[in-house]
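Analysis of the macromolecular model
Residues per chain, in single letters:
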Amino acid sequence: MAVAALDSGDRQLAEDLVGKLGAQFPGSTRVERLRGMVLEAQGEWARADALYKEVLEGDETNQAAMKRRVAVARGRGDLAGAAKLLKEYLGTFQADAEAWEELWEVYLSLGMHRQAAFCAEELVLSNPQNPGHHLKLAELLYTLGGADNLRTALAYFAGALELTDGRCARALYGATAVAAQLQGGKPGERLEGEEARLCQQAAQMLCKAYREQCPAKLPLLLDLLKQQGLEGAASK
């Protein structure tokens, strides 16, 4: 997490307080971490990183110091460096869902969608009851494209819908988008059976929601569904 910048008055107060803590608790890694965060707030990225490295020399598995190094890298704008540090961190603390989510975010910023999808898979495994994790993975698989990825994306959109009792508009739109991609696919790729019924049901649920909540925009939705080959389902 990034540290907010400090004005001159707050900066001096922070330095004074950390100095007093350092005098009271000499050698404390927590105090050193606070000292590093003050440096981050001042934009002293190199000094902050050097301080966190010193902490890690004494305790190479210090979680807080490892995470602060990630924050420093992101503060510098070094996303590739942040990704490398997060991978190293997760090599030791694999169960840290927040770190997986941050790595997912960094990979997205770098345009590395396949790697981001791997992070989203880890998030689903860490908390399968969170519909947001299912959406993350579904949307990335949709972005990667290809019949296999699209069919898997549909399964995760369905998971998000199941966890939200069908009230997730993003998942409904996602399911119809998958239908649009596979509707005219080759034999063995086009949607059939349960998958086709799921996309049709998603279209019906979207129309129902628009009729109830924003009927003025229903024609726009119907035009979209027509383009996706789902106008028959939308009319039911």
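Reading the values: the criteria
Residues numbered from 1 in each chain as written. Predicted model: local features only at pLDDT ≥ 70, side-chain atom pairs only at ≥ 80, totals over all residues. Heavy atoms only, no water. Axes fitted to C-alpha atoms, helices over the stretch in contact; angles between N-to-C directions. Helix = DSSP H or I, 4+ residues; strand = E, 2+ residues; numbered from the N terminus. Parallel < 35°, antiparallel > 145°, perpendicular 65-115°, else oblique. Left-handed = near helix turned anticlockwise from the far one by under 90°. Contact = heavy atoms within 4.5 Å. Salt bridge = Lys/Arg side-chain N within 4 Å of Asp/Glu carboxyl O. Buried < 20%, exposed > 50% of the residue type's maximum accessible area, 1.4 Å probe, protein only. Phe/Tyr/Trp six-rings, centres within 6.5 Å; stacked < 30°, edge-to-face > 60°. Lys NZ or Arg CZ within 6 Å of the ring centre and 35° of its normal. Expected span 1.5 Å × (residues − 1). Nonpolar A, V, L, I, M, F, W, Y, C, P; charged D, E, K, R; others polar.

With that settled, consider the packing of helix 4 (residues 63-76) against helix 6 (residues 97-109). Viewed as axis vectors pointing N to C, helix 4 and helix 6 meet at an angle of 20 degrees, and their least axial separation amounts to 13 Å. In terms of orientation, helix 4 lies roughly parallel with respect to helix 6. As for how helix 4 packs across helix 6, the hand of that crossing is left-handed. For the pair helix 4 and helix 6, the contacting residues are Lys67, Val70 and Arg74 in the first and Glu98, Glu102, Glu105 and Val106 in the second.

All right, on to the pattern of salt bridges then. Enumeration over the complete set of coordinates arrives at 14 salt bridges. A salt bridge links Glu40 to Arg68; the nearest nitrogen and oxygen atoms lie 2.8 Å apart. With Glu40 in helix 2 (residues 29-41) and Arg68 in helix 4, the pair connects residues that are 28 residues apart, well separated along the chain. Residue classification places Arg68 among the buried positions, given a relative accessible area of 9%. For Arg170, the salt bridge is made with Glu139, and the minimal N-O distance between the two is 2.7 Å. Of this pair, Arg170 sits in helix 10 (residues 169-182) while Glu139 sits in helix 8 (residues 131-144), and the two are 31 residues apart along the sequence. Residue Glu139 is classed as partly exposed on the basis of its relative accessible area of 29%.

With that settled, the discussion passes to the packing of aromatic side chains. Applying the stated criterion across every chain yields a total of two aromatic pairs. Ring centres of Tyr89 and Phe93 lie 5.0 Å apart, and the angle between their planes is 35 degrees; on these two criteria the pair is classed as tilted. The pair Tyr89 / Phe93 is uniform in exposure class, with both members buried. Here the aromatic rings of Trp100 and Phe118 are separated by 5.8 Å at their centres, their planes lie at 65 degrees, and the arrangement is edge-to-face. Note that Trp100 is positioned in helix 6 and Phe118 in helix 7 (residues 113-126), a separation of 18 residues in sequence. Accessibility expressed as a relative area gives 8% for Trp100, which makes it buried. Here the guanidinium or amino end of Lys136 rests over the ring plane of Trp104, the centre of that ring lying 4.7 Å away.

This next bit is on helix 7. Compared with the 20 Å implied by 1.5 Å per residue over 14 residues, the 20 Å span of helix 7 between its first and last C-alpha is a close match. Buried within helix 7 we find Ala116, Ala117, Cys119, Ala120, Glu122, Leu123 and Val124. Where helix 7 is buried, its residues meet helix 6, helix 8 and helix 9 (147-163).

Interhelical geometry of helix 8 versus helix 9 gives an angle of 160 degrees and a closest axis separation of 8 Å. One element, helix 8, and the other, helix 9, form an angle in the roughly antiparallel class. Both helix 8 and helix 9 take part in a crossing whose hand is left-handed. Counted together, Pro131, His134, Leu135, Leu137, Ala138, Glu139, Leu141, Tyr142 and Leu144 of helix 8 and Asn149, Leu150, Thr152, Ala153, Tyr156, Phe157, Gly159, Ala160 and Leu163 of helix 9 form the full contact between these two elements. Residues that form the contact of helix 8 with helix 9 fall into these classes: 13 nonpolar, four polar and one charged.

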